[in-house]
Amino acid sequence: MINQRQLLIVAAIVGTVLVMIIGAVLAFTTNRTPENITDAQLQIEVAPKGSEIKINGKSVDAGTHDIQNTPTTLRVTASRKGFAPQVQTITIQRGENRYVGFALVSNSPDTAKWYEEHEIDNQIASQINSNIYSQNTVDIASANPLLEQLPYLGEGLRFRVDYGQHQRPGPPAENMYILISAGTPEDRQAALDWIQSQGFSLADLEIQFADFSNPLNPTTGSTE
Amino acid sequence: MSIQTIRKKVGRARNIFVAVLLSSVFTSQITILPIFAQEAVPDNGPADDRTSVIDGFPAYEEGCGNGELPTGNASLGGIDKFLQVLAYKESSGVPTKINPVSGASGKYQYIDSTWAGVTKSNYPPGSKYKAARQAPEEMQDAAAYLEYVKKFKQFDNDVFKIAVSHFLPKANEDKSLLDKVPQGNAITPRQYAQDIINKTKSEGPWTNIKLHYKDAPQFAEYAKKAGVNPDQNNNNLQYVKLNDIIKETGADVGATLYGGRYKDGQWQATNDNQDPENKNLPHEDNGQGYGQAPGPLAGHTAYAELSVNPDSQDFKALGDLKPFQKLAITYNGKTVIAEKRDVGGGGDPIKGKKRAIDLWWETARLLDMKDSDVVTIHGVPDNTPLTPVGGQATDTTSAPDTCQSVCAPSSGQILLDPGHSGADRDERDKATGLTIGDSSNPAERIQTFKTAEKVKEILTKAGYSVAMTKKKESDYVNLMQRAQMANDMKVALAVSIHSTGGNFGDSSAAWVTPQVVGHYRENPGKHTEFKLKDVAKESQRIAQKIAEARSATGDKVQVRDLNFTGRAELSQGNLSIVQLFSKVPWVYNEVGQSGYDGDKYAKGIADGIMKAVDKKEGNNADQQCSGGQGDIVAKAEALAWHDGRKGLTPRQEYTKAVKEDNPGLQSQMADCGVFVATVMLSSKVDPKFPKAGTFNIEPYLLKEKDKYDTFPNLNSTSQLQPGDIFVVNQGTGAGVAGHTYFYIGKHGRFNAAAASMNSYMPTYNVTYFSDSRGHYLVGRNKGTNQQKDKI
């Protein structure tokens, strides 16, 4: 017969063990939230299929990769014989899911018609470029909110505000500028005032001025 | 652009700066650019034994005439030259540049406190800006110009001292500082000043930096206070006699082009040195210079002097010009400054003129000279800045009436043109020879200006955007300028308001005149007629509406032609000059002067405009174009989602359009090329447009010159017209999958319509000009009823 005292001792032991097990399970799972399983993810696509991809010099396959120790800067390259290599350097933050696509361009007569002759690669390249285009438009709009209001024509046609893009390497979002067309200094100033009235600081914008051959500067005399 | 972006850039710049600084510590090989921090201008005092006065800028003295700066070409020397060099050294001429370390900013890199002081002392309008970079470029130029007017005077034109005063003012007082490197810099004040002097005496990128101080508000007022007459400091080209062939009046000579060509709608190099990827190109020139040629050609605005006798190879067709001799070369109203960098054999005369000059293709490109022709050349002083190959030729005459691509907007932007100017001038259009000078006619001028202001008031209250060709009734604006305004602004309608002899209200003195195809003006031997069918049709429709509205006020108005024949002071013909050169609808009004009722006249015109032209909806700086361009936008609007959504569900209208107008491609509807093609086919703008594929679309646009204008290098929305087709495909059709979409003008927060392969169906989007695939080619449908007529 097990007396009441022995029963209490067994129950205490079992309870202690259970508490330890539950605690261990809780401790384990608490440290394995999704953020801790993977800091960030990087999806890489490349065309033509099978081109060599490297992250910080280490060869990897196309697809999704877990990225640890964020934030971190990664140099991603894609190359293939007969195509111009491409490189993108990205800084990826904790919790981010980033996309990098490479649609390699032929640099050899041997591969000049590659995409015409390889339908699947052509489709992959199209998708990559679509993704890049979509991302660029999002980036441009978020980095340059004034663009949503452009082109803008000032009251009485006194000025016009457009945007332009420098032809230089780099993301389009970082290459945009504001272009003011106005015929007189007063109208230029009116354009600047309008920009400020929309809540934008002139100091934060790259602004270029263009002549605006219009009636607003009629004292310029003859065209002869 | 955004604050975030700016921060990123500043952060990068700072990192680079620190890296350079550290590198220099360890290697001593990297030069740190001077960190400029202006201090208060010191009193004049002895600084250095040597004196440097810029060539072409004589000593400024109180007794020098009336205190004006030298005239004519002096603007290319003197203060202008100094400021060009200064701007180049400090900011490369970028007015928004900021030094992240010192905080100095703007074209001349003023720190904020110095900017405040300089503007307060010299140019108070600039004081409203806390930092130089925030001020418009012309105001930065004005502040710097007026500051240096004082300094030139203060230092008796000693550029060395002036430059030192810019770099480290106290070094002008304490000579021992001239050869010491100030903290945070890499060069001494002497080295800095010497570099400035050297650059002012030579040419380089700085000579291309433009100064706009004369455009700054109240500049003339403050210049006068500083003892300067800026009007006498002009930038007009100065022509000089070089020899008996190139006299001061210039010479017309036959010209050829080489090293490149205009083909398939774009300029391209045609020598293998410039395009190493394409070894199949003809070896027309090695781009390196040879023989007497003094330098490489690629990237230069250059020409070759040909030979009097091709067989003799004497290279003296222009009188044996010296190497690098600069010439002003004018072709079809455009002028460039080019230099001699080559020689050549020559050949048969061109259009009766001696073949004397061979234009390097980049020079010909600036002039838009696509084939051998006759050019006018002038000698210019050696210090005349060259036209950069990436720049633009100067328009020196009005454009002839040759443009076939017309954008006739339908939204309510109106240009009112009150007749006559505050002066009588005899001016001729160089291209056509037509009389374009205006006359004063004071009575009519004053009457019609007041009437135009009333029309403007009525229209503005009704929600129209209205501009006028003159600000004041006494302004002088010639007839070509008036037409050009309408064209540049692409207004929906321009309306001339005149009065003539006779009684107000009499039908003999009241009429409305539209543009008519075939109507003309002419001088003996030169006939210029109006050819724009769509514009004429719209002009006639609106003229009828205005005539009806004017008649409703009691005025007895007819729609009728004008007649200028028999008036000796004018070119003969039956269409006004403004209408002849206008590419937009333009209606001309006349009414009797006796008993003139400006209110009634204004009401009739305004009512007619409001009946004929839709009121502008919202603020859309773009105009809907006539014919194809407008149809393209309308169809893109009808087929695309308007909220920028990204998904694979199409609008029903798009599904229907593909099925009916671009059949066989229903499975590929989420594709940029299919969308663009479907819009072009479904709108009936171009029934022969390729059904899909950027591989096909780009070559098609380039090939179909009768249907499309193409532009390879557009880079701002100011250059676009709604309905423009963007396409990037590496230019050959053999590159990686490209992209294509429409620019549709401002539509809320969007301005493009696009689809994307397997990614999303047609939807509104954002325009940009280049991406990882390169720069976009823009195709613009030319008016388009011509295509419709062929259906």
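Our structure is the block above this text.
Given the structure is predicted, the values throughout are model-derived calculations rather than measurements.

**A word on the sheet that holds strand S23 (residues 739–747) of chain B**
Hydrogen bonds between backbone groups are what pair the strands of a sheet, and the pairing can be parallel or antiparallel.
All names here are of chain B.
1) Next: Strand order in this open sheet of six strands is S21-S28-S22-S23-S24-S25, and the pairing throughout is antiparallel. In the strand order of this sheet, the two ends are held by strand S21 (708–711) and strand S25 (760–765), each with one partner. For this sheet, the mean inter-axis angle between neighbouring strands, taken without regard to orientation, is 25 degrees.
2) Next: Where S21 lies against strand S28 (residues 777–781), four bridges are found, and the strand directions are antiparallel. Across the sheet, Tyr708 pairs through a bridge with Asn781, a residue of S28.

**Comments concerning helix H16 (residues 672–682) of chain B**
Residues and elements named next belong to chain B.
1) Next: Counting buried residues in H16 gives 11 out of 11 residues, a clear majority hidden from the surface.
2) Next: Within H16, the full set of buried residues consists of Cys672, Gly673, Val674, Phe675, Val676, Ala677, Thr678, Val679, Met680, Leu681 and Ser682.
3) Next: Residue Asp671 occupies the N-cap position of H16, its side-chain oxygen lying 3.0 Å from the main-chain nitrogen of Gly673.

**Thoughts on unusual backbone geometry**
Generally, phi is negative for residues other than glycine and the peptide bonds are trans, each holding for most cases.
All names here are of chain A.
1) Next: Of the consecutive residues Ala47 and Pro48, the connecting peptide bond is found in the cis state with omega at 0 degrees.
2) Next: Mapped onto the elements of the fold, Pro48 is located in the loop between strand S1 (40–47) and strand S2 (52–55).
3) Next: Residue Pro151 is reached from Leu150 by a cis peptide bond, and omega for that bond is 0 degrees.
4) Next: Along the chain, Pro151 falls in the loop between helix H4 (119–143) and strand S9 (152–153).

**Some thoughts on the nonpolar core**
1) Next: Ranked by internal contacts, the top residues of the largest apolar core, which has 85 residues, are Val161, Ile178 and Ile195 of chain A together with Phe82 and Leu83 of chain B.
2) Next: Considering each element in turn, this core owes the most residues, nine residues, to helix H4 (residues 137–154) of chain B.
3) Next: Sequence-distant contacts of Leu83 of chain B, defined by excluding residues within four places in its chain, comprise Tyr108, Ala144, Tyr145, Tyr148 and Leu211 of chain B.
4) Next: In this structure, Val633, Val658, Met669 and Ala755 of chain B belong to the second largest nonpolar core, which totals 36 residues.

**Considerations on the packing of H4 of chain B against helix H5 (residues 159–167) of chain B**
Residue and element names in this part refer to chain B.
1) Next: Here H4 crosses H5 at 130 degrees, and the two axes come no closer than 9 Å. Taken as axis vectors, H4 and H5 run oblique relative to one another. Between H4 and H5 lies a crossing of right-handed hand. Mapping the contact onto sequence places Tyr148, Lys151 and Phe152 in H4 and Ile162, Ser165 and His166 in H5.
2) Next: Here the residues of the contact of H4 with H5 are counted per class, giving three nonpolar, two polar and one charged.

Procedures and definitions
- Residues numbered from 1 in each chain as written.
- Chains lettered and ligands numbered in written order.
- Predicted model: local features only at pLDDT ≥ 70, side-chain atom pairs only at ≥ 80, totals over all residues.
- Heavy atoms only, no water.
- Pairing = 2+ DSSP bridges.
- Helix = DSSP H or I, 4+ residues; strand = E, 2+ residues; numbered from the N terminus.
- Axes fitted to C-alpha atoms, helices over the stretch in contact; angles between N-to-C directions.
- Buried < 20%, exposed > 50% of the residue type's maximum accessible area, 1.4 Å probe, protein only.
- Polar contact = N/O pair within 3.5 Å; in protein donor to acceptor, adjacent residues only side chain to side chain.
- Core = buried A, V, L, I, M, F, W, Y, C linked by side-chain atoms within 4.5 Å.
- Contact = heavy atoms within 4.5 Å.
- Parallel < 35°, antiparallel > 145°, perpendicular 65-115°, else oblique.
- Left-handed = near helix turned anticlockwise from the far one by under 90°.
- Nonpolar A, V, L, I, M, F, W, Y, C, P; charged D, E, K, R; others polar.

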